[in-house]
Amino acid sequence: MIKKLRKKHLQIWTALAVLLPVGIISAWLVIPPAAKDKLLQPASARALPVILKAYPSRVGFEFNIRTNTDTTQFQLEWVNNQTLTYPTATIYQTQLNDGNVQHGRLVGRIEARGSYYFMVDSTFKPSYNSTYQLVLYDFIHQKNMDIIKL
Amino acid sequence: MSTMTVILAAISLYLVAGIIFTIIFQLKGLSKIDEGVNGSGWGFRIIIIPGCIVFWTGLLRKWIKANKEIIDPAKEHA
Amino acid sequence: MGASYLAVGWNRQKKIYDWLIFAFCVLYLATFVVLTAIFNPDYTFETVLIRATSTLAVIILHVTLSIGPLTRINKKFLPLLYNRRHLGVSMFCIILVHGSFSILQFHSLGNVNPFVSLFTSNTHFGSLADFPFQALGFFALIIFFLMAITSHDFWLHNLSPKVWKTLHMFVYLAYFLVVMHVMLGVIQYETNPVFIIIMLIGAFTLIALHLIAGTREVNKDDVIYKLKQDGYVLVCDVKDIEEDRAKMFCLDTERIAVYKTGGKLFAVNNVCKHQNGPLGEGKVIDGCITCPWHGYQYLPQNGQSPPPFKEKVSTYDVKLEGTHVWLNPKAYAEGTERPGAVISVVNAE
Ligand code: HEM
Ligand code: FES
């Protein structure tokens, strides 16, 4: 390496020493608030024993809210009964009639096939005056794929 | 979006020109611009193909320059 | 170079190196596929391939970027540098699979051109959380592509070393783009902090290595030699230089390597004609100064590569007074023969 280049490399890395942490940390800060689960797509998660409510199935998938025997824990069970046309998507909980996922909470991420279990909080408890809805969101193309009232 | 399509078309055009250039260049120009090419094998020629397609404008300039350098001394002797 | 080009200048060491890269990649990909098949059997093959290749490429990228400063910090890492390009090209091939399959999987189903779809399916360039992270990956891939296709020495010569070095310095931009591609992409949908921590550790390791090695080197360049006489500068004691090795001194604009070999001292320009490797960090092998990076050789007395090679570096005058080594920073034309300085028994003591 020549002297000029050594200096340039050092200058670039001095800049990166600022840019990289700023980039990483700002991206960290804008991660949307999560509903409950820390680990999205928990591979080994098992279904809670009681189905609180089974929602009518939609094209390609259906989902249930499950709970344990003393109703202290809640779980969203998501089942793709066909391979979805979008390879991956995220599920958000938003206020009723607000389809903007940025205002909502991230519940979890699904793939085109399979069943998924996400631990959620009591706001997911089914009731006909629930003020929440689920939004199925394709984050690659930034499109709402489906909206279902909880 | 039409701007994207235009940009894409321009890039494709540039690369197609690069492919045509590369065929001629590999046959005629390559050994003129760099003496290290003489006696090198097929592997080397294949390995530089993608680069030729992308950087064809630079190689073309070198090729033209190399041609001038060969012609000029000939003129002096004439 | 005076000799003709080879596709790859393979030798035993490079072959071992390449086999190790290959074995590691295969092992990693296989492990990834098997673990996914066990724990997430529902994932499609494309998804597995996209993730296996992307994570492997990020690992290789970190290794590749740490080799440079590691060799500055400890010479034991030099064998890694020897064939760093193959590591880079392998990384490109791997990440090309990730990029292609991502485009296939996410953008080839509609009726728009997949590349148009890549840039138009998300245009929130003004928002951080919604940023079109795939565009970042795409530009990083383009940089890796340009580097991979110009990795042969032919391009170093024919694009000119300046253009080539500049192009290859874009790897740092590419690295930044990759970090942001991951941070603004998957990590936005993956609240497990493990992934953020991995990215942070990776970035901090690279930053630390480069800053440590970089400041050290720049400081060496900035050493001021006070004692001057008739154009000569007092640089060190003859005992400071080991036999068949050199010490480097930056007196003017560039470092000069002062070699001790066969009872004499010789001074040549430190910059190797191949890729500007530091000749002063090499050693004398078979009577030739041998570049530590890729093994180009030069004769100590005249800075010329032995035939059939044609590289030449500048030479300088050195003299000995007692045990003091004096160096004249005035460069002779490349390849000029210089007598060197004879080390007498008296000097050596
Ligand atoms: C044309 C270029 C690229 C495209 C279209 C692209 C697209 C994508 C997409 C869609 C994802 C999310 C996949 C998922 O989570 O299901 C992703 C993730 C990722 N990408 Fe890229 N990418 C490109 C280039 C790159 C490059 C050059 C690198 C690094 C060397 C890279 C590294 C990663 C990593 C580490 C992940 C996270 C792990 C994963 O989900 O695969 N990508 N990319
Ligand atoms: S830099 Fe490659 S041999 Fe010297």
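What you see is a predicted model, and the numbers here were worked out from it, not measured in a lab.

1. Some words on the interface of chain B and chain C
Right, so step 1: Taken together, the 24 residues of chain B in the interface contact 23 residues of chain C.
Right, so step 2: Counting each side, the surface lost to burial between chain B and chain C is near 1,800 Å², with a carbon and sulfur contribution of 75%.
Right, so step 3: Of all residues in chain B, the largest losses of buried area upon contact with chain C belong to Met4, Phe44 and Phe55 of chain B, amounting jointly to 27% of the total for that side.
Right, so step 4: Seen at the junction of chain B and chain C, the total is two residue pairs in polar contact (both at pLDDT 80 or more).
Right, so step 5: Those elements that place two or more of their residues in the side of chain B that touches chain C are α1 (2-33), α2 (42-47), α3 (49-54) and α4 (56-77) of chain B.

2. What about the domain arrangement of chain A?
Right, so step 1: Here chain A is described as being made up of domain 1 (1-31) and domain 2 (50-149).
Right, so step 2: Each of domain 1 of chain A and domain 2 of chain A has a C-alpha centre, and the two are 40 Å apart.

3. Some remarks on the sheet that holds strand β5 (residues 105-111) of chain A
Residue and element names in this part refer to chain A.
Right, so step 1: Overall, antiparallel pairing links the four strands, which are arranged β5-β4-β7-β8 in an open sheet. Of all the strands in the sheet, just β5 and β8 (143-149) have a single pairing partner and so form its edges. Between one strand and the next, the sheet's axes are offset by a mean angle of 25 degrees, whatever the strand orientation.
Right, so step 2: Judged from the six bridges that link them, strand β4 (residues 88-95) and strand β7 (residues 132-138) form a sheet pairing that is antiparallel. Following the sheet pairing, Ile91 is matched in β7 by Leu136.

4. Digging into the site of ligand 1
Right, so step 1: Close to ligand 1 lie 22 residues; Arg109 of chain A together with Ser54, His98, His181 and Val186 of chain C are nearest.
Right, so step 2: Near ligand 1, the surrounding residues are drawn from chains A and C.
Right, so step 3: Take Arg51 of chain C: an N or O atom from its side chain is 3.2 Å from an oxygen atom of ligand 1.
Right, so step 4: When contributions to the shell around ligand 1 are tallied by element, the ones reaching two or more residues are α2 (45-73), α4 (84-107), α6 (133-149) and α9 (171-184) of chain C.
Right, so step 5: When residues of the shell around ligand 1 are assigned to their parent elements, the largest contribution, six residues, is made by α4 of chain C.
Right, so step 6: Here the residues of the shell around ligand 1 sort into 13 nonpolar, seven polar and two charged.

5. Regarding the packing of aromatic side chains
Right, so step 1: What the rule picks out here adds up to 23 aromatic pairs over all chains.
Right, so step 2: With a centroid separation of 6.3 Å and 35 degrees between ring planes, the pair formed by Phe24 of chain C and Tyr28 of chain C is classed as tilted. A residue pair is termed a helical-turn pair when its members lie 3 or 4 positions apart in one helix, as Phe24 of chain C and Tyr28 of chain C do in helix α1 (residues 12-39) at four residues.
Right, so step 3: For Phe24 of chain C, a relative accessible area of 39% gives the class partly exposed.
Right, so step 4: Considering the side-chain rings of Phe154 of chain C and Trp155 of chain C, the 5.0 Å spacing of their centres and the 85 degrees angle between planes classify their relative orientation as edge-to-face. The pair formed by Phe154 of chain C and Trp155 of chain C is uniform in burial state, with each residue classed as buried.
Right, so step 5: Of the aromatic side chains, those joined through ring pairs into one cluster are Tyr14, Phe21, Phe25, Trp56 and Trp63 of chain B.
Right, so step 6: The cationic tip of Lys330 of chain C hangs over the ring face of Tyr332 of chain C; the distance from NZ or CZ to the ring centre is 4.9 Å.
Right, so step 7: Here Arg338 of chain C stacks its cationic end above the ring of Tyr332 of chain C, 4.0 Å away from the centre of that ring.

What counts as what
- Residues numbered from 1 in each chain as written.
- Chains lettered and ligands numbered in written order.
- Predicted model: local features only at pLDDT ≥ 70, side-chain atom pairs only at ≥ 80, totals over all residues.
- Heavy atoms only, no water.
- Contact = heavy atoms within 4.5 Å.
- Buried area = accessible area lost by both parts, 1.4 Å probe.
- Polar contact = N/O pair within 3.5 Å; in protein donor to acceptor, adjacent residues only side chain to side chain.
- Helix = DSSP H or I, 4+ residues; strand = E, 2+ residues; numbered from the N terminus.
- Domains from an automatic or database assignment.
- Pairing = 2+ DSSP bridges.
- Axes fitted to C-alpha atoms, helices over the stretch in contact; angles between N-to-C directions.
- Near = heavy atom within 4 Å.
- Nonpolar A, V, L, I, M, F, W, Y, C, P; charged D, E, K, R; others polar.
- Phe/Tyr/Trp six-rings, centres within 6.5 Å; stacked < 30°, edge-to-face > 60°.
- Buried < 20%, exposed > 50% of the residue type's maximum accessible area, 1.4 Å probe, protein only.
- Lys NZ or Arg CZ within 6 Å of the ring centre and 35° of its normal.

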